[in-house]
Amino acid sequence: MKKRIAAICTVAALAGVGAAQVLVWFNAGIVHLLVISPAAWAVEDAVHAAPIILACLLGAGLMTIAGWLNYEDVEGEEDYGRIRRTHARNPEYPGDKEEWGA
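Residues numbered from 1 in each chain as written. Predicted model: local features only at pLDDT ≥ 70, side-chain atom pairs only at ≥ 80, totals over all residues. Heavy atoms only, no water.

Some thoughts on the overall build of the protein chain
To keep things clear, this is the line we draw: Numbering of helices and strands runs from the N terminus, with a helix taken as a DSSP run of H or I at least four residues long and a strand as a DSSP run of E at least two residues long. Categorising residues by exposure relies on relative accessible area from a 1.4 Å probe, with only protein chains included: less than 20% of the type maximum marks a residue as buried, more than 50% marks it as exposed, and the intermediate range marks it as partly exposed. The Shrake-Rupley method, run with a 1.4 Å probe sphere, supplies the accessible areas, and residue values consider only the shown protein chains as cover.
For the protein chain, the count of helices and strands is two helices and zero strands. The buried share of the protein chain, reckoned over its 102 residues, is 9%. Carbon and sulfur atoms make up 66% of the accessible area of the protein chain, which totals about 9,200 Å².

As structure tokens, this is what we get:
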């Protein structure tokens, strides 16, 4: 049992190190793109801006994935986005004539 827990912790630690290395590669790639871009950023400015750009991209990706997971696909709903106001046209709607003085 202890060996299994140790193995799981080792795999989790190695996965964390691998994820951190991927983030470092993305950061270096962003710096490279900023330096060689037509705007020709200074290296110091690119190094300081790259983590902020990476954080914004990761945040946008997480929000996109959260939107996909929360999206409820309704079968047979063809009039998506239309406002239904049939309740106010019915004669049994409460407050038709009494409240409005008609």
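Some details on the nonpolar core
Note the cut-off: Only buried residues count toward a nonpolar core. Its members are Ala, Val, Leu, Ile, Met, Phe, Trp, Tyr and Cys residues joined through side-chain atoms within 4.5 Å.
Counting residues in hydrophobic clusters, the biggest one holds seven residues: I30, V31, L34, A46, A49, A50 and L54. Of all elements in the fold, only α1 (2-36) and α2 (43-70) reach the threshold of two or more residues within this core. Tallying contributions element by element places α2 first for this core, with four residues.

Some points on a nonpolar patch on the surface
Stated precisely, the cut-off is as follows: Patch membership is restricted to residues that have no salt bridge and whose relative accessible area is over 30%. Joining uses 9 Å for like charges and 5 Å for the nonpolar side chains Val, Leu, Ile, Met, Phe, Trp and Tyr. What counts as a salt bridge is simple: a side-chain nitrogen of Lys or Arg found within 4 Å of a carboxyl oxygen of Asp or Glu.
Taken together, the side chains of V22, L23, V24, W25, F26 and L58 make up a nonpolar region of the molecular surface, amounting to roughly 590 Å² of accessible area. Among the elements that make up the nonpolar patch, the one with the highest residue count is α1 (five residues). Among the structural elements, L23 can be located in helix α1.

Points about α1
Quick note on the threshold: The span one expects for a helix is its residue count, reduced by one, times 1.5 Å. Contacts were defined at the residue level, with two residues in contact if any of their heavy atoms lie within 4.5 Å.
For α1, built from 35 residues, the straight-helix expectation of 51 Å at 1.5 Å per residue is met to within 8% by its first-to-last C-alpha distance of 51 Å. Here α1 has its buried residues at I30, V31 and L34. Residues of α1 that are buried sit in contact with α2.

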